[in-house]
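A closer look at the structure
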Amino acid sequence: WQDAIFRTAALSSYDLGFSGGDDDTRYYLSGNLLQSEGIVIGTNMDRGSVRLNLDQDISDKFRVGTRTTFSRSDGQVLANGGAGLETASTVLNAILAPPTLPIYTESGEYFTGVNMLTGRVFSNPVATALEITNEERQNRLVGNLFGEYDLMEGLRLRSTFGIDFLSSLQNF
């Protein structure tokens with residue numbers, strides 16, 4: 001059963017960044033894309049992010065800047081609880097399943113029947129991994145804006161405003 005649900009999974013990651021500026025302005029802009037197949041059949045995740053760091057000297061004493069990151073992830077995740085199943089964990093079902101139970105019936109349908117060793121209804125881990133939709137999408141914005149002013153040598157006033165916003169949608 002474990003051989004039926006686990007797989008070797010590909011992972012790709014791409015990064016690109018730029019930095020620069022002049023005496024008064026400095027910036028760093030980067031992006032990242034991560035594409036991952038899950039090690040369990042029927043799972044995957046794609047995530048992209050963009051980051052901006054920007055500093056601006058308004059005068060010799062006054063500076064403003066930002067650190068901002070936006071990311072988005074989309075994935076098909078494992079059903080891992082609920083759904084009216086005896087044990088809805090795909091991985092746990094695969095670990096506990098007797099190797100004598102078939103994945104498919106003779107007619108080609110997923111085997112769902114009674115586990116003769118326990119007398120309980122059997123939840124087929126291959127069917128759970130491939131047939132249950134559990135899509136998850138997240139958007140996240142994390143950032144701060146700041147202003148700082150040198151009051152005198154060795155004493156600086158800094159004010160910062162920050163945000164951490166997460167929007168998550170799950171289609172199960």
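Remember, it's a predicted structure, so these values are computed and weren't measured experimentally. (Residues numbered from 1 in each chain as written. Predicted model: local features only at pLDDT ≥ 70, side-chain atom pairs only at ≥ 80, totals over all residues. Heavy atoms only, no water.)

**Regarding the side chain of Ser-73**
The test is simple: Note on conventions: DSSP H or I runs of at least 4 residues are helices, E runs of at least 2 residues are strands, and numbering of each starts at the N terminus. Three labels apply to residues, based on accessible area from a 1.4 Å probe with only protein chains included: buried if under 20% of the type maximum, exposed if over 50%, partly exposed otherwise in between. Residues are treated as being in contact if the distance between any of their heavy atoms lies within 4.5 Å.
Mapped onto the fold, Ser-73 is located in strand E4 (residues 62-76). Overall, the relative accessible area of 14% leaves Ser-73 in the buried class. Sequence-distant contacts of Ser-73, that is, excluding residues within four places in its chain, are made with Asp-46, Arg-47, Glu-136, Arg-137 and Gln-138.

**Focus on the side chain of Asp-55**
Short version of the rule: Polar contact is defined as a pair of N or O atoms within 3.5 Å, subject to the rule that within protein one atom must be able to donate a hydrogen and the other to accept it, and that residues adjacent in sequence are counted only when both atoms are side-chain atoms.
Mapping Asp-55 onto the fold places it in strand E3 (residues 44-57). Residue classification places Asp-55 among the buried residues on the basis of a relative accessible area of 17%. Among the polar contacts made by the side chain of Asp-55, one reaches the side chain of Arg-67 at a distance of 3.0 Å. Those residues in contact with Asp-55, other than ones at most four positions away along the chain, are Asp-24, Thr-25, Arg-26, Val-64, Gly-65, Arg-67 and Phe-146.

**Quick word on the pattern of salt bridges**
Condition: The rule for a salt bridge is simple: a side-chain nitrogen of Lys or Arg has to be within 4 Å of a carboxyl oxygen of Asp or Glu.
With the rule as written, the count across this model stands at 10 salt bridges. One salt bridge connects Arg-63 with Glu-148, and the closest N-O pair in it is separated by 2.9 Å. Taken together, the residues span a long stretch of sequence, with Arg-63 in strand E4 and Glu-148 in strand E7 (residues 135-152) at a distance of 85 residues. Assigned by exposure class, Arg-63 and Glu-148 land together as buried. Residue Asp-150 pairs with Arg-156 through a salt bridge whose shortest N-O separation is 2.8 Å. The structure contains a network of salt bridges with shared partners spanning Arg-63, Glu-148, Asp-150, Arg-156 and Arg-158.

**Here's the deal with the pairing of strand E2 (residues 25-37)**
Heads up, the condition is: DSSP calls a pair of strands paired once it identifies at least 2 bridges connecting them.
Bridge count for strand E1 (residues 11-21) against E2 is 11 bridges, and the pairing is antiparallel. Within the sheet, the bridge partner assigned to Phe-18 lies in E2 and is Leu-29. In sequence, E1 turns back onto E2 through a hairpin of 3 residues. Where E2 lies against E3, 13 bridges are found, and the strand directions are antiparallel. When the bridges of E3 are listed, Leu-29 appears paired with Leu-52. Linkage of E2 to E3, two consecutive antiparallel strands, is achieved through a turn of 6 residues, within which Gly-42 is found at a positive phi near 80°.

**Some remarks on the environment of Leu-157**
Checked against the element boundaries, Leu-157 lands in strand E8 (residues 155-171). Overall, Leu-157 belongs to the exposed group, its relative accessible area being 52%. Apart from the residues within four sequence positions on either side, Leu-157 is in contact with Gly-147, Glu-148, Tyr-149 and Leu-151.

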